[in-house]
Amino acid sequence: MKTENPRFAYDAYRRFIQMFGDVVLNVERKRFEEALGKKKAAFGAKTDADLPADALKELVAEYKAITKQHGGIDFPDDPKEQLRLAVNAVFSSWNNERAKVYRRLNSIPDSLGTGVSVQSMVFGNMGATSLTGVCFTRDPGTGENVFYGEYLVNAQGEDVVAGTRTPKPIAELKKEFPTIYEQLHRVGLRLQTYFKDVQDMEFTVEEGTLYMLQTRTGKRTARAAVTIATDVVREGLITKEAALLRIDPGQLDQLLHPTIDPKAKSRVIARGLPASPGAAVGKVVFNARRAVALTEEGAERVILVREETSPEDIEGMAAAQGILTARGGMTSHAAVVGRGMGKCCVVGCNDITVREEERHFTAGDVIVKELDPITLNGTSGEVMLGEVALIKPQLTRSFKQLLAWADQTRRLRVRANADTPQDARVARDFGAEGIGLCRTEHMFFGEERLPVVREMILAKDVTARKAALAKLLPFQRQDFIGIFEVMEGLPVTIRLLDPPLHEFLPNTPEEQERVSKQLGIELRTLRETVNSLHEINPMLGHRGCRLGITYPEINEMQAQAIFEAACELWRDHVKVVPEVMIPLVGHPQEFRLAKETIDAVAKRTMARYKLTLRYLVGTMIEVPRAAVVADRIAEDAEFFSFGTNDLTQMTFGFSRDDIGKFLPHYLKANVLPADPFVKLDQDGVGALIRIGIQKGRATRKGLKVGICGEHGGEPSSIEFCHRAGLDYVSCSPYRVPVARLAAAQAALRNK
Ligand code: PEP
Ligand code: MG
């Protein structure tokens, strides 16, 4: 024998059977782990490395028995047969469930296929001068420029990545094996310079000789990605443009995630390793299936608590708010996957004992049952009992730097959908350059306002309706003043009332009774009105501009509030240019009528204030007909904003509210590549947008065109908007940074 070391030989042998059993014969790993645990107890061994050769020899026999019992065949002795079965197993793994889920989560086509490379091995378990580890050229959690990683002496790679033993930090390698450390560090830097990016490397030292097993681009948190991207530009490794293209805009979301409010009271019950930053609150579940089931359609927020995770858990991890594992290190499965998903994750939490079958975990004398709420702090590794208050994230210098580069690069402007001064503030802090959609109906739901809105809807005649509207006017005016003030002269698009009126009325008998008393209206009359406003297809019913045409006094009040607010601000030298937007227009005449009302009010109001100010009246394009007759609509409309939520709904004929019933089937059966309410359907809805822009600008050269549907914050849709020649995208305040980066990438990719 080459090594004359029976302990090593039996250790290698038992590892081989275990891995072969797991990967090739689908024997559950825990069966081997149990046998190993028992053996360690019997021999009084603290770690695997403490097991003597005799113990390992026994283990080999036990492992073979396990393989036979649960894998169905005698463990093959012929190396060629072993190789053949192993190669086949790799090829079949392409089609197992977890690979399919992984591909779906990462948009990898099923047709890509996989390859197998066969390699000879080096052994990190050959004794005290052998070791194995994983290292990164920079800290993948923070992006800090430090050599980072973990290793285990007398062990094999699986022991590190599987998280079954807690490894030592790489800083200790410097003390324990200084020469190896230097060598490894040098190789790492060289690879990083060559690949121009952070490397994630696996290495093994066999009796004092360093072998590099593999290197790949290091997965990292969003925070690290941004720090690294800006650092490597400064170091001259890559250009600003390359740095911009390197960040996945969707990943920026992670930076915008909440952290624990330091002022909040909390009870820390355990501490683990801070594997992926951010904070998460949710109800405890103990397996991936429960996580998926409970979170379906956003019903619950859960925290997945496991002994350790493995690739089978991937869907549950994606569904959970955060992940907590009792075992594993900073490069364990849970840590790496959690970080990649941008999910708050605490691993190696030895303070807890997980009892999945009994549906609880213990931390000291605390018992946490399934569905009890807990809070995780992925930045400190703390596990807290109950729901702890979270606060908004703070943006780092690198983040601002990167977005400043994005702003220099993009052509598309980025606005926000915001309905209150508070939302507008958040939007501006995130870099919004205006408001692309202020949904005024959201201002109608305030506690003091709803009764007045109801009074307006229940009014017997125009006079009564006008009286109710007069009461709403000061509220609306104050809202607009607040928003204009925050936006300091940046464009603000205000949309007139859009939803069907029944949305403002009480639905349940109890509510109706309460409201009838509150408003002093007969219950019977109230019910009759509710019934009369009931619609079979409210989304296609009496809503949008149809409301303002049948009840012009509503538009009058809203326009008056807008122009009074604008005039007030002009008096204070804030130059606002209001953009009034009419929803759901399908026919040019609908727009014309609404615009006449607005212009008349604008004229009257400006005369009262003795001011002349510039304003625009434009339309949403969200009914397919509007896109088709955009040339006619543009005769009067001074801007367009594509409402792609409704435009998608009406182009597909898919109800926005009911698509959940069939969409999962559609996605599974590949009828659709993605949810069209998330990613713009470029072939269908996109074609209408192109027609709308081309026709609109044929009538009105240079017509300002934007988008304010949800797609305005989705990177692939933003790229479409760039190519189609839109002027701006508008999205929710938290997605503004995502949109700024996506718009820059679109400009770079379509140069
Ligand atoms: C739209 O339809 O895209 C839109 C922005 O309006 P809402 O979502 O309010 O219908
Ligand atoms: Mg709409």
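The notes below deal with the structure included here.

Take the overall build of the chain next. A count of helices and strands for the chain gives 30 helices and 26 strands. Along the first, second and third principal axes, the C-alpha set of the chain runs to 100 × 60 × 50 Å. Burial status across the chain gives 52% buried among its 751 residues. Across the chain, the fraction of contacts at a sequence separation of at least 24, relative to all contacts at a separation of at least 6, is 67%. Summed over its atoms, the accessible surface of the chain is roughly 34600 Å², and 51% of this surface lies on carbon and sulfur atoms.

Moving on, we get to the site of ligand 1. The immediate surroundings of ligand 1 are formed by 14 residues, with Arg 439, Gly 643, Asn 645, Asp 646 and Arg 656 found nearest. In the model, an oxygen atom of ligand 1 is placed 2.8 Å from a nitrogen or oxygen of the Arg 439 side chain. Separating an oxygen atom of ligand 1 from a backbone N or O atom of Asp 646 is a distance of 2.9 Å. Protein chains shield 95% of the accessible area of ligand 1, which is 290 Å² for the free molecule. The biggest single contributor to the shell around ligand 1 is helix α26 (residues 644-652), with three residues.

Our focus in this paragraph is the coordination of the magnesium ion (ligand 2). Every protein donor of the magnesium ion (ligand 2) is listed here as Glu 622 (OE) and Asp 646 (OD), and their distances to the metal cover 2.0 to 2.1 Å. Taken together, the residues Glu 622 in the loop between β23 (616-621) and α24 (624-628) and Asp 646 in helix α26 connect sequence positions 24 residues apart. For Glu 622, a relative accessible area of 2% gives the class buried.

A word on the packing of aromatic side chains. Counting across every chain of the model gives 16 aromatic pairs. A centroid spacing of 5.4 Å and a plane angle of 80° characterise the contact between Phe 20 and Phe 75, whose relative ring orientation is edge-to-face. With Phe 20 in helix α1 (residues 6-23) and Phe 75 in the loop between α3 (53-71) and α4 (79-93), this pair connects stretches of sequence that are 55 residues apart. Take Phe 20: its relative accessible area is 3%, and that puts it in the buried class. We classify Phe 75 as buried; its relative accessible area is 8%. Ring plane angle 65° and centroid distance 5.2 Å describe the contact between Phe 654 and Phe 662, whose orientation is recorded as edge-to-face. Among the aromatic side chains, those forming a connected cluster through ring pairs are Tyr 13, Phe 16, Phe 20 and Phe 75. The ring of Trp 94 carries Arg 103 above its face, with NZ or CZ at 3.9 Å from the centroid. One Lys or Arg, Arg 415, reaches over the ring of Tyr 728 and ends 4.0 Å from the middle of that ring.

Here the focus is α1. Owing to its 3.6 residues per turn, the α-helix aligns residues three or four sequence positions apart on the same side. Taking 1.5 Å as the rise per residue, α1 with 18 residues should run 26 Å; its terminal C-alpha atoms sit 25 Å apart, in good agreement. Arg 7, Phe 8, Asp 11, Ala 12, Arg 14, Arg 15, Ile 17, Gln 18, Phe 20 and Gly 21 are the residues of α1 that are buried. The N-terminus of α1 is capped by Asn 5, whose side-chain oxygen sits 3.2 Å from the backbone nitrogen of Arg 7.

Rules behind the numbers
Residues numbered from 1 in each chain as written. Chains lettered and ligands numbered in written order. Predicted model: local features only at pLDDT ≥ 70, side-chain atom pairs only at ≥ 80, totals over all residues. Heavy atoms only, no water. Helix = DSSP H or I, 4+ residues; strand = E, 2+ residues; numbered from the N terminus. Buried < 20%, exposed > 50% of the residue type's maximum accessible area, 1.4 Å probe, protein only. Contact = heavy atoms within 4.5 Å. Areas by Shrake-Rupley, 256 points an atom, 1.4 Å probe, with all protein chains shown as cover. Near = heavy atom within 4 Å. Polar contact = N/O pair within 3.5 Å; in protein donor to acceptor, adjacent residues only side chain to side chain. Donors = N, O, S within 2.8 Å, 3.2 Å for Na, K, Ca; no water. Phe/Tyr/Trp six-rings, centres within 6.5 Å; stacked < 30°, edge-to-face > 60°. Lys NZ or Arg CZ within 6 Å of the ring centre and 35° of its normal. Expected span 1.5 Å × (residues − 1).

By themselves, these are just geometric observations and shouldn't be taken as functional.
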